[in-house]
Amino acid sequence: MKKLVRRILEVTNDRNFMHIIENIEVLVSKVLSIFMVIVILVAIADLGIFIFKELFTIPYGKFNTTLYKVFGLFLNILIALEILENITAYLRRHVFQVELVIVTSLIAVARKIIILDLEKIGGLDIIGLGVAILALSISYLIIRLSNSKDAS
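Quick caveat: nothing in here was measured; it's all calculated off a predicted structure.

So, how was this worked out
- Residues numbered from 1 in each chain as written.
- Predicted model: local features only at pLDDT ≥ 70, side-chain atom pairs only at ≥ 80, totals over all residues.
- Heavy atoms only, no water.
- Core = buried A, V, L, I, M, F, W, Y, C linked by side-chain atoms within 4.5 Å.
- Buried < 20%, exposed > 50% of the residue type's maximum accessible area, 1.4 Å probe, protein only.
- Helix = DSSP H or I, 4+ residues; strand = E, 2+ residues; numbered from the N terminus.
- Contact = heavy atoms within 4.5 Å.
- Expected span 1.5 Å × (residues − 1).
- Patch = residues over 30% accessible without salt bridge, like charges linked within 9 Å, V, L, I, M, F, W, Y side chains within 5 Å.
- Areas by Shrake-Rupley, 256 points an atom, 1.4 Å probe, with all protein chains shown as cover.
- Salt bridge = Lys/Arg side-chain N within 4 Å of Asp/Glu carboxyl O.

So, about the nonpolar core. In this structure, Met36, Ile40, Leu47, Phe50, Val70, Leu73, Ile77, Ala80 and Leu84 together form the largest nonpolar core, which totals 9 residues. Of all the secondary structure elements, the ones that give two or more residues to this core are helix 2 (14-57) and helix 3 (67-93). In terms of residue count, helix 3 provides more of this core than any other element does, 5 residues in total. In contact with Leu47, not counting residues within four places along its chain, are Val70, Leu73, Phe74 and Ile77. Ile102, Leu116, Leu129 and Leu136 belong to the second largest nonpolar core, which has 5 residues in total.

Before going further, it helps to spend a moment on helix 4 (residues 98-114). An ideal rise of 1.5 Å per residue puts 24 Å on 17 residues; helix 4 measures up with 24 Å between its terminal C-alpha atoms. Every buried residue belonging to helix 4 is among Leu100, Ile102, Thr104, Ile107 and Val109, and all of these are buried.

On the surface, a nonpolar cluster with roughly 580 Å² of combined accessible area is contributed by Leu27, Val31, Ile34, Phe35, Ile38 and Val42. One can find Val31 in helix 2. Using a relative accessible area of 36% as the deciding quantity, one classes Val31 as partly exposed.

Let us look at the pattern of salt bridges. If the charged atoms of two oppositely charged side chains come close together, the side chains can form a pair. Across all of its chains, the model carries 2 salt bridges by this definition. The partner of Arg92 in a salt bridge is Glu85, and the shortest N-O contact between them spans 3.9 Å. In this structure, Glu99 engages Arg144 in a salt bridge whose closest nitrogen and oxygen atoms are separated by 3.2 Å. Highlighted residues: Glu99 in helix 4 and Arg144 in helix 5 (residues 123-151), separated in sequence by 45 residues. Here Glu99 falls in the partly exposed class, since its relative accessible area comes to 21%. Here Arg144 falls in the partly exposed class, since its relative accessible area comes to 42%.

Our focus in this paragraph is helix 3. Taking 1.5 Å per residue, 27 residues should reach 39 Å; helix 3 reaches 39 Å between its end C-alpha atoms and fits that length. With its phi angle positive at about 55°, His94 sits one or two positions after the end of helix 3.

So, on to the environment of Ala43. Relative to the helices and strands, Ala43 is located in helix 2. Residue classification places Ala43 among the partly exposed residues on the basis of a relative accessible area of 24%. Residues Ala43 and Phe74, 31 residues apart in the sequence, show an inter-C-alpha distance of 8.8 Å.

In structure tokens:
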């Protein structure tokens with residue numbers, strides 16, 4: 001019984017506890033990395049199948065109608081790659097890189113704008129996307145300027 005109490009006290013010691021938490025964070029990050037690689041590979045296969053079907057099943061000259069879907073699929077893969085980069089950067093430095101998160105967000109908003117169907121969306125939604133891009137761009141600029149000052 002004394003050994004059990006001593007072991008519980010050792011585990012709850014702040015340093016030991018934080019070490020356990022850090023190990024769990026690393027394990028979760030590694031699992032997420034593996035899952036993200038699987039998602040990227042499946043997305044690439046899906047994109048390849050989609051392009052193959054579109055090139056060989058639709059009449060010549062109608063490919064432009066599905067071009068926005070192709071762009072959306074490409075950008076989905078780029079977003080997944082950015083998320084993977086966020087995870088691997090965390091594994092390397094154990095710090096979330098705000099710049100990478102903002103870039104990922106910019107890509108996601110850009111994807112939304114590229115695949116946007118202007119006939120189905122209202123003006124307020126477009127204004128909201130514009131404000132989001134402006135806010136993310138200003139945030140990115142601030143982060144870049146602060147990083148360049150830190151490097152100097």
